[in-house]
Amino acid sequence: MKYVIYIVIAFIFWLLITSSVSPAILLTGTIVALLTVGLLGRYFVDDVYRLFQLRRYYWFVIYLFIFIWECLKANFDVAYRVLHPDLPIKPGIVKVKTYLKTNIGRTTLANSITMTPGTITVDIIEDYIYVHWIYVSTTDPERYTEKIAGRFEKYIKRIFE
Amino acid sequence: MNDIITIVLFCIGVLFNLFGCIGLIRLPDVYNRLQSATKCVTLGTCSILLGLLFHYGFTTIGIKALLAIPLLFFSATVAAHALARGSYLFGVKLTDKTVVDDYKEMAETIKNKHKGEKNALSEDQRNS
Amino acid sequence: MDKLLHLLLYIQIGLAFFCLYRIIKGPSIADRMVGIDIFGILVVGICAILAILTNRMFIIDIGIAWIILSFIGTLTLAKYLGGKKLNE
């Protein structure tokens, strides 16, 4: 079941990047999709039935808009810090606790943290995410957890868990 | 109309790329450089690709440009994370302005684990 | 419009020289790798501008391939930095 869905996804991706339907290309695409999923399929997510639950897509769209907004804010933030003559930075590495349990949820959270203002993920060990922060405004763990991870966690929990 | 949107998106993209590269030159240590460069350059390039989509519409080349955007996002973020972790374990120092460093003990543990594995491996080779 | 696009292309190529500066001068090996990573992303932008200038389709294919290859290259170098073996 899992493998069939991944083969279909890989095949659609192949059709999109080649954008032609001649028999030779379809044959190559089938072989390549089978090979890829056969070799690497065991690394992918197990719970594929979640792909068919429509409310997850609804939260995904909302999450996408929030994410793009944060992304834009991040860019203006970096532009301000870089162009300021005194370089207003106060960097440090802080430890953020997360309550997400699945691997894909944690990966998404880490990627989101990397693209938001002033933070970049350094490592994930057990329940903790180590985050490099360009301007450490507070050293109170609860407040910076809310500030860094809190705005994404609730949406990611609804999308992936 | 589409031409104007395309040009505006291209200009925004190149401008953000410029900010990212200035950050790459000016900021003091690896982690800060990685921050500014990854964010700005990724979003700038995404903006350029989006401009390509507006110019061609949903033709072959437009769909390819649209497909490149998520690819670029995931590859850039994962590469930045791997580089930050790798350079910390390699022993690149944080800059003098740094306030807190919670990762230090964990990095020591990981390094010791690697060292132990390497020693065990070399002993194995010696025995065989 | 063509002139503006040419100008943007030249600026983008100039930015690649910023990265080259970091690659040549960088105090540690990690700085050089950051330069290489960012250089890889800038080339994709150059490919996109060239595609719109020359109106050829295959250039964007080069861009997509370049994204994936530079990603794999950076990951390999980062693994080497972190002191892991390559099969982990």
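For the structure itself, look to the data block above.
Residues numbered from 1 in each chain as written. Chains lettered and ligands numbered in written order. Predicted model: local features only at pLDDT ≥ 70, side-chain atom pairs only at ≥ 80, totals over all residues. Heavy atoms only, no water.

A. Spatial organisation of helix 2 (residues 30-56) of chain B. With 27 residues, helix 2 of chain B extends 38 Å from end C-alpha to end C-alpha; this agrees with the ideal 39 Å at 1.5 Å per step. Helix 2 of chain B sits mainly inside the fold: 24 of its 27 residues count as buried. (Helix = DSSP H or I, 4+ residues; strand = E, 2+ residues; numbered from the N terminus. Expected span 1.5 Å × (residues − 1). Buried < 20%, exposed > 50% of the residue type's maximum accessible area, 1.4 Å probe, protein only.)

B. Main features of the packing of aromatic side chains. Taken as a whole and assessed by the stated rule, the structure comprises eight aromatic pairs over all chains. Relative to F19(B), the ring of F16(B) lies with its centre 6.3 Å away and its plane at 70 degrees, an arrangement referred to as edge-to-face. Pair noted here: F16(B) and F19(B) are both in helix 1 (residues 2-26), with a separation of three residues, about one helical turn. Here F16(B) and F19(B) have matching classes, each one buried. Every member of this aromatic cluster is reached through a ring pair, and the members are Y63(A), F67(A), F152(A) and F73(B). Sitting over the face of the ring of Y128(A), K95(A) holds its NZ or CZ atom 4.7 Å from the ring centroid. In this arrangement the basic side chain of K97(A) is found over the ring face of Y128(A), its NZ or CZ atom lying 5.7 Å from the centre. (Phe/Tyr/Trp six-rings, centres within 6.5 Å; stacked < 30°, edge-to-face > 60°. Lys NZ or Arg CZ within 6 Å of the ring centre and 35° of its normal.)

C. Fine view of the interface of chain B and chain A. Of the residues lining the interface, 41 residues belong to chain B; the matching set on chain A comes to 44 residues. At the boundary of chain B with chain A, total buried surface from both sides reaches about 3700 Å², with 72% on carbon and sulfur atoms. For the chain B face of the interface with chain A, the top three residues by lost area are R26(B), Q35(B) and K39(B), together amounting to 18%. Scanning the region where chain B abuts chain A turns up one salt bridge. As a salt-bridge pair, D123(A) and R85(B) come within 2.8 Å of each other at their nearest N and O atoms. Between the two partners, chain B and chain A, sit ten residue pairs in polar contact (both at pLDDT 80 or more). Contributions of two or more residues to the side of chain B that touches chain A are made by helix 1, helix 2, helix 3 (60-90) and helix 4 (104-127) of chain B. Per element, the largest residue contribution to the side of chain B that touches chain A is 14 residues, and it comes from helix 3 of chain B. Taken together, the residues of the side of chain B that touches chain A sort by class into 24 nonpolar, ten polar and seven charged. (Contact = heavy atoms within 4.5 Å. Buried area = accessible area lost by both parts, 1.4 Å probe. Salt bridge = Lys/Arg side-chain N within 4 Å of Asp/Glu carboxyl O. Polar contact = N/O pair within 3.5 Å; in protein donor to acceptor, adjacent residues only side chain to side chain. Nonpolar A, V, L, I, M, F, W, Y, C, P; charged D, E, K, R; others polar.)

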